[in-house]
Amino acid sequence: MMTVDHHVLIVSVIAFFSVSSPLIFATAQVCDAGVGYGESGCGTASSSSKILIAGGTVVNAFHQEVADVYVEDGIIVAVRPNIKVGDDVTIVDATGKFVMPGGIDPHTHLASDLMGTETVDDFFHGQAAALAGGTTLHIDFVIPLDGNLTLGLEVYEKKAEKSCMDYGFHMAITKWNDEVSREMEIMVKEKGINSFKFFMAYSWMFHDELLLEGFKRCKSLGALAMVHAENGDAVVEGQRRMIELGITGPEGHDLSRPAVLEAEATGRAIRLASFLNTPLYVVHVMSIEAMEEVAKARQSGQRVVGEAIASGLALDNSKLWDPDFRTAAKQVLLLMVYVMSPPIREAGHDKALQSALSNGVLQLVGTDHCGFNSTQKALGIDDFRKIPNGVNGIEERMHVVWHTMVESGQISPSDYVRVTSSECAKIFNIYPRKGAILAGSDADIIILNPNASFEISAATHHSRSDNNIYEGFTGKGKVEVTIAGGRVVWENEELKVVLGSGKYIEMPPYSYPFGGIDKADARYLSSLKAPVQRFKSSI
């Protein structure tokens, strides 16, 4: 059996980058941290407050038509054919191309402290990368500070000051007590946060008793409960088993977290939410088994949202088992890239998840963008348990989903808008301000050329990471123009963004998954026929 020296691998990979990509950031036109694109020769953002997008096919989740789109002061003013404008308007020709709402990524981790290190993409560089890929809004996860929600939010508000596009926040819940419960109400009523994430694995793991408490509190506030669904206790046992067997490489990560553990936790969370009659959002559904739990719940009428992840739709884990060590190192597909949780599964799961997205079992696509560079990934060179979990995707998602789902004929352009933008806006209660090309909506718009080709590479992406899980991925369907907040920020392969120009988007409670919950509760109570009136014994 072939043995692998992980120390040799990491040196080989770093050497590959130092030889092949010495100017990754320069090639991608990434300016130094704290300096916006638009300075130091990186281009300047369009200053025009009036834009006409002419002659394109305007695509919403419910309809498409050939029309012009007129934008003024960051807002869509009109959508109709043959709009006439004056000479002070910037005209963008979209003939033969699709004009769509900018993408919304529901699942990101920018500038996040995880597993003893911080993700490489901060709110400026990560968002700049997103804009280059056609995403104009993301929702990031705030990690509380020692369990304190308010202090954690303050930290993230500071991190987000350098934002160059709009963003929102989810809040992770990492411990439970009366103070956390009280703070949740403040987050919802005063801070514009309408979703809370509970972990069923990791050191923040919630067991059933506390999951029930958290779910009940979410329901009372009209906030969406979210779960990272893996059986954490069983994962720890799986990790211990792998180490005892001498399996310390990244394949041990996959083997210690099989799909059955994702499915068990997914099903358990769904059943607890059903018991309480509260909506549930399952983040990063990565396996057939977990997807089937979501399918059964939705078929029964339960309010469950299933989130697909771009990497789970488009990739499999075969490279982890590549015996050609040198090839794996050169392509940065072994130690550096593939470790995330739940893991990217073996071939077959990807196709099943694509089918689930096309038939509505899964409702939207995120990325779980959580980028680490090669040096950070190498923290687990001798022990897979120490490899920082996370992959990129905030820049690649829109292209990967178009090629994988639309170019293949599995979904329509309108479906594409739904799964990459509008459904997310509806779930988090910011539609139609976001996620639509309608008069009155924010002017967050992309122009996609279905006939143009793309190739993904770490040498040309805009992330600060030196690796890319999609390295060498090619396809058709390219975002050629991105407009964010009424400004052209991506055009002719050039980013033109402004440090600090992004806005925080508050998300109100009681989004559409809560519709009818009160009536269902009333029906349940009326059906109990209890308490039963009994005569007291005279004995």
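Rules of the game
- Residues numbered from 1 in each chain as written.
- Predicted model: local features only at pLDDT ≥ 70, side-chain atom pairs only at ≥ 80, totals over all residues.
- Heavy atoms only, no water.
- Helix = DSSP H or I, 4+ residues; strand = E, 2+ residues; numbered from the N terminus.
- Buried < 20%, exposed > 50% of the residue type's maximum accessible area, 1.4 Å probe, protein only.
- Salt bridge = Lys/Arg side-chain N within 4 Å of Asp/Glu carboxyl O.
- Arc of directions from axis to C-beta.
- Contact = heavy atoms within 4.5 Å.
- Polar contact = N/O pair within 3.5 Å; in protein donor to acceptor, adjacent residues only side chain to side chain.
- Pairing = 2+ DSSP bridges.
- Core = buried A, V, L, I, M, F, W, Y, C linked by side-chain atoms within 4.5 Å.
- Axes fitted to C-alpha atoms, helices over the stretch in contact; angles between N-to-C directions.

Draft legend 1. Main features of unusual backbone geometry. A cis amide bond, omega 5 degrees, links Y431 with the succeeding residue P432. The omega torsion across A530 and P531 is 0 degrees, close enough to zero to call that bond cis. By the element assignment, P531 lies in the segment after α17 (517-527). Non-glycine residue M115 carries a positive phi angle of around 55 degrees. Along the chain, the position of M115 falls in the loop between β7 (113-114) and β8 (117-118). On the basis of relative accessibility, which here comes to 39%, the residue M115 falls in the partly exposed class.

Draft legend 2. Region of the structure containing the pattern of salt bridges. Evaluated as defined, the whole model comprises 29 salt bridges. A salt bridge links R271 to E293; the nearest nitrogen and oxygen atoms lie 3.2 Å apart. Highlighted residues: R271 in helix α9 (residues 259-276) and E293 in helix α10 (residues 288-299), separated in sequence by 22 residues. Through salt bridges with shared partners, a single network forms among D166, R433, K434, D442, D444 and K503.

Draft legend 3. Summary view of helix α4 (residues 149-159). Buried within α4 are the following residues: L149, G152, L153, Y156 and K159. Along the axis of α4, the buried positions cluster into a sector of 115 degrees, meaning they face one direction only. Of the surrounding elements, those touching the buried residues of α4 are β7, β8, β9 (135-142), β10 (166-173), α5 (178-190) and β11 (195-199). Where α4 begins, the side chain of N148 points an oxygen toward the backbone nitrogen of T150, at a separation of 3.1 Å.

Draft legend 4. Highlighting the pairing of strand β12 (residues 224-228). With five of five residues buried, β12 is to be regarded as a mostly interior element. The alternating pattern of β12 places L224, M226 and H228 on one face and A225 and V227 on the opposite face, and all of these are buried. Here β11 runs beside β12; their pairing, made up of five bridges, is parallel. Counted as the bridge partner of F196 is A225 from β12.

Draft legend 5. Quick peek at the pairing of β11. Most of β11 sits out of view: five of its five residues are buried. Of the two faces of β11, the one holding S195, K197 and F199 and the one holding F196 and F198 are both buried throughout. Two elements, β10 and β11, share three bridges in a ladder whose sense is parallel. Following the sheet pairing, M171 is matched in β11 by F196.

Draft legend 6. View of the nonpolar core. Counting residues in hydrophobic clusters, the biggest one holds 102 residues, and the most contacted among them are F196, F198 and F215. Setting aside residues up to four positions removed in sequence, F196 forms contacts with L149, M171, I173, M184, M187, V188, C218, A223, L224, A225 and M226.

Draft legend 7. Spotlight on the sheet that holds strand β6 (residues 103-108). Read from one edge of the open sheet, eight strands run β6-β9-β10-β11-β12-β13-β14-β15, paired in parallel fashion. Here the strands that pair on one side only, and so sit at the sheet edges, are β6 and β15 (364-366). Taken over all neighbouring pairs, the strand axes of this sheet differ in orientation by 30 degrees on average, direction set aside. Bridge count between β9 and β10: six bridges; the pairing is parallel.

Draft legend 8. A look at helix α15 (residues 397-406). Most of α15 sits out of view: nine of its ten residues are buried. Taken together, the buried positions of α15 are occupied by R397, M398, H399, V400, V401, W402, T404, M405 and V406.

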